[in-house]
Amino acid sequence: KNGMMSASVGGSGGRVFTSIPYDPGWHVYLDDTEIKTDAVCDGAFLSFDLPGGGKELRLRYEDTWVNYGIKITLLGIILLGIVMAMEFYRKRKALKGMH
């Protein structure tokens with residue numbers, strides 16, 4: 001749901017291999033502490049070491065390109081607003097000069 005998966009875990013821990021394609025956007029948390037992830041099978045799949053004693057395992061995907069896209073879009077809107085304001089004041093000044 002919304003780029004996140006969760007599961008209850010227990011036991012002594014160990015290495016977890018997933019069928020999730022590896023991408024640096026995946027983050028793994030055990031009881032709100034982030035766990036380092038690795039790529040296995042020639043970089044194809046997500047894997048991580050799961051320490052023992054945890055209760056809640058969460059996997060969350062954060063697409064970094066979406067954040068870049070949002071920032072670029074906002075910058076474009078701001079620049080468009082500046083250009084429109086400059087054009088408005090330029091035309092307003094030209095109309096005042098005609099009178």
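The structure presented is a predicted model; accordingly, all values stated were derived computationally and were not measured.

Basis of the calculations
- Residues numbered from 1 in each chain as written.
- Predicted model: local features only at pLDDT ≥ 70, side-chain atom pairs only at ≥ 80, totals over all residues.
- Heavy atoms only, no water.
- Pairing = 2+ DSSP bridges.
- Helix = DSSP H or I, 4+ residues; strand = E, 2+ residues; numbered from the N terminus.
- Axes fitted to C-alpha atoms, helices over the stretch in contact; angles between N-to-C directions.
- Salt bridge = Lys/Arg side-chain N within 4 Å of Asp/Glu carboxyl O.
- Buried < 20%, exposed > 50% of the residue type's maximum accessible area, 1.4 Å probe, protein only.

A.B. asks: Summarise the sheet that holds strand β6 (residues 45-51); cite the residues concerned and give the values.
C.D. replies: With respect to topology, three strands assemble into an open sheet ordered β2-β6-β5, the strand pairing being antiparallel. Here the strands that pair on one side only, and so sit at the sheet edges, are β2 (13-21) and β5 (37-40). Averaged over neighbouring strand pairs, the angle between their axes works out to 35° when direction is ignored. Bridge count between β5 and β6: four bridges; the pairing is antiparallel. Opposite Val40, over in β6, you have Phe45 as the bridge partner.

A.B. asks: Quick one: what's the story with the sheet that holds strand β1 (residues 4-8), residue by residue and with numbers?
C.D. replies: Read across the open sheet, the four strands follow the order β1-β7-β3-β4; overall the sheet is antiparallel. Each edge of the open sheet carries a strand with a single partner, namely β1 and β4 (33-35). Along the sheet, successive strands turn relative to each other by an average axial angle of 25°, direction set aside. Taken together, the five bridges between β1 and strand β7 (residues 56-61) define a ladder with antiparallel strand orientation. Paired with Met4 across the bridge in β7 is Arg60.

A.B. asks: Help me get a handle on the pattern of salt bridges, residues and values and all.
C.D. replies: In total, this model carries six salt bridges according to the counting rule given. Between Arg15 and Asp38 there is a salt bridge, and its shortest N-O distance comes to 3.0 Å. Separated by 23 residues along the polypeptide, Arg15 in strand β2 and Asp38 in strand β5 bring together distant segments of the chain. Owing to a relative accessible area of 22%, Asp38 belongs among the partly exposed residues under this scheme. Between Arg15 and Asp49 there is a salt bridge, with the nearest N and O atoms lying 3.1 Å from each other. In this pair, Arg15 is assigned in strand β2 and Asp49 in strand β6, connecting sequence segments 34 residues apart. One salt-bridge network, held together by shared partners, links Arg15, Lys36, Asp38 and Asp49.

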